[in-house]
Amino acid sequence: MERPERAAAALGAQPRANGCSGAAHGALRNGYVRGLPASDTQINHVVHNGGLYKRPFNEDFEETPMLVAVLTYVGYGVLTLFGYLRDFMRQWKIEKCQNATEREEQKDFVPLYQDFENFYNRNLYMRIRDSWNRPICSVPGAKVDMMERVSHDYNWTFTYTGRVIKDIINMGSYNYLGFAQKAGTCQEAAAKVLSQYGAGVCSTRQEMGNLDKHEELEKLVARFLGVESAMAYGMGFATNSMNIPALVGKGCLILSDELNHASLVLGARLSGATIRIFKHNNMQSLEKLLKDAIVHGQPRTRRPWKKILILVEGIYSMEGSIVRLPEVIALKKKYKSYLYLDEAHSIGALGPTGRGVVEYFGLSPEDVDVMMGTFTKSFGAAGGYIGGKKELIDYLRTYSHSAVYATSMSPPVVEQIITSMKCIMGEDGTTVGKARVQQLAENTRYFRRRLKEMGFIIYGNEDSPVVPLMLYMPAKIGAFGREMLKRNIGVVVVGFPATPIIESRARFCLSAAHTKEMLDTALKEINEVGDLLQLKYSRHRLVPLLDRPFDETTYEETED
């Protein structure tokens, strides 16, 4: 990889980090805002920051009410106490033990199964296990069909009733642009390629698995992203976990956002590089790590780091937040580091023409060293890609484990991506793709606004199609999922350890395929369930991510 080029001019002095005054309205040092007057009950992260931001940047993270936080901890405490009681009863055969245990004849062996490690799964997760892994038996479009199942042993096992629940409004799939469908041009094109090429390739790209369709896809992706070259992979998770080790290694430094996806975390760990974590979307935290890395170098030897790689995502799938990309790029240029951008959720879902977070902020793709994304969401297919300079892609074709050892992408899947991407670009001769991008943006803003008006605490950016609704208490995780399913609304609920222990939530994913009638129906039911479970915690006290002004020279580039 070549070192990033020097910027043509300094970015200028920026007196404010996010347009929020740290002293206004009695803001505390930790960013909490209390005692707001009635006319200022909502504070947004409106970030203009001089020339860095060309559009308003509004993100809301409301403070957790103190009583709710205390009751949430109490709830987990009660569940833990009952868990120990039930484990005691299982040990003395008072209650039937259904979890995995070591066999009696192996009691003198070194244990293969650590019983205590699964305490959470056994006593907490099992009570709400019915909220996950629900079997879908249709296309994951705006509406889905679901197989009904029941449990007679408190979710240890499930029995299928044979009944299919029809027309459930799907608020959980990553079908952002509505291309997950069983009819239309994408389906017809994929079916045609299936009849010509078959379903599988049975070889790697470097052997007998390099099809003309793969070459066509990669050229199209490069053109779509505005980069020199691109490479496609059969699995989005492996695109991160197998390519990061090819880019950095021992003697390199990775600076990773604390809320990065597991695939980025795994890739960083497999690389052997030193990993340091910065606070989520906090540019002061990132800049401090960059300064320390350059001043102090590697531990013990104090030698300069071979490379410094910043790992961020476009849209964070649990928070609904959007990366502060203009500021990240400014820091990257200032400290001469590299930037790896994961656009799994943002490609197709952000920007006027769906080209992701780079287009959303009006930036140049050349400012991002490694552009990664997936085809599993906005394109309704499978796999992932990496785009960038030709030298980078040529290097990965040779040294990436995903490129050398993985089986090639299935031809019908490749055609699904090609057709949907051409539709987004308008190369199919229609404006359907552009209309879908606009519809998603409208649905996102409408849905978020209505939920906030109802009194729910909603996290994230106003333009993010990932909408977390805070539940907090463990008992309400399963209750919310079950009550919504009773009303024919399919939702995803998330709890510890996927989120912090007091920040359990329901996560809605909006789609261009959702009509206003569907959204209104879902909102009506969410409102009813919110009243039933008392989920309307909002007091309009928002937490600014950054409430301190930057030094005036923070984003001025250094001279050689």
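Residues numbered from 1 in each chain as written. Predicted model: local features only at pLDDT ≥ 70, side-chain atom pairs only at ≥ 80, totals over all residues. Heavy atoms only, no water.

**Comments concerning the UniProt feature "transmembrane region" (unreviewed entry) in the protein chain**
Okay, step 1: Mapped onto this numbering, the UniProt entry gives "transmembrane region" (unreviewed entry) at residues 66-85.
Okay, step 2: Note that residues 66-85 is 100% helix and 0% strand, and that its end C-alpha atoms are spaced 29 Å apart. (UniProt positions renumbered as here; feature names shortened; annotations may be inferred. Helix = DSSP H or I, 4+ residues; strand = E, 2+ residues; numbered from the N terminus.)

**Concerning the sheet that holds strand 12 (residues 466-472)**
Okay, step 1: Strands sit in the order 12-15-14 across an open sheet of 3 strands; the sheet is antiparallel. The open sheet terminates on both sides in strands that have one partner only, identified here as strand 12 and strand 14 (492-494). Shown here is a sheet whose adjacent strand axes are inclined to one another by a mean of 25°, direction ignored.
Okay, step 2: Inspection of the sheet shows strand 14 paired to strand 15 (residues 504-509) by 3 bridges, in the antiparallel sense. When the sheet's bridge partners are listed, Val-493 is paired in strand 15 with Ala-506. (Pairing = 2+ DSSP bridges. Axes fitted to C-alpha atoms, helices over the stretch in contact; angles between N-to-C directions.)

**Remarks on the pairing of strand 10 (residues 384-388)**
Okay, step 1: Counting buried positions over the 5 residues of strand 10 gives 5, a clear majority of the element.
Okay, step 2: On strand 10, burial covers both faces: Gly-384, Ile-386 and Gly-388 on one face and Tyr-385 and Gly-387 on the other are all buried.
Okay, step 3: Pairing of strand 9 (residues 370-374) with strand 10, which is carried by 4 bridges, proceeds in the antiparallel orientation. The residue bridging Gly-373 from the neighbouring strand is Tyr-385, located in strand 10. (Buried < 20%, exposed > 50% of the residue type's maximum accessible area, 1.4 Å probe, protein only.)

**A closer look at the pattern of salt bridges**
Okay, step 1: By the definition in use, this model includes 35 salt bridges.
Okay, step 2: Of the charged contacts, one joins Arg-505 and Glu-319 as a salt bridge, the two residues approaching to 2.9 Å between their closest N and O atoms. Here Arg-505, found in strand 15, pairs with Glu-319, found in the loop between strand 7 (308-313) and helix 8 (325-334); they are 186 residues apart in sequence, far enough to count as distant.
Okay, step 3: Note on Arg-505: relative accessible area 0%, which makes it buried.
Okay, step 4: Classification of Glu-319 by relative accessible area gives buried; the value is 8%.
Okay, step 5: One connected set of salt bridges, linked through shared partners, spans Glu-483, Lys-486, Arg-487, Lys-524, Glu-525 and Glu-528. (Salt bridge = Lys/Arg side-chain N within 4 Å of Asp/Glu carboxyl O.)

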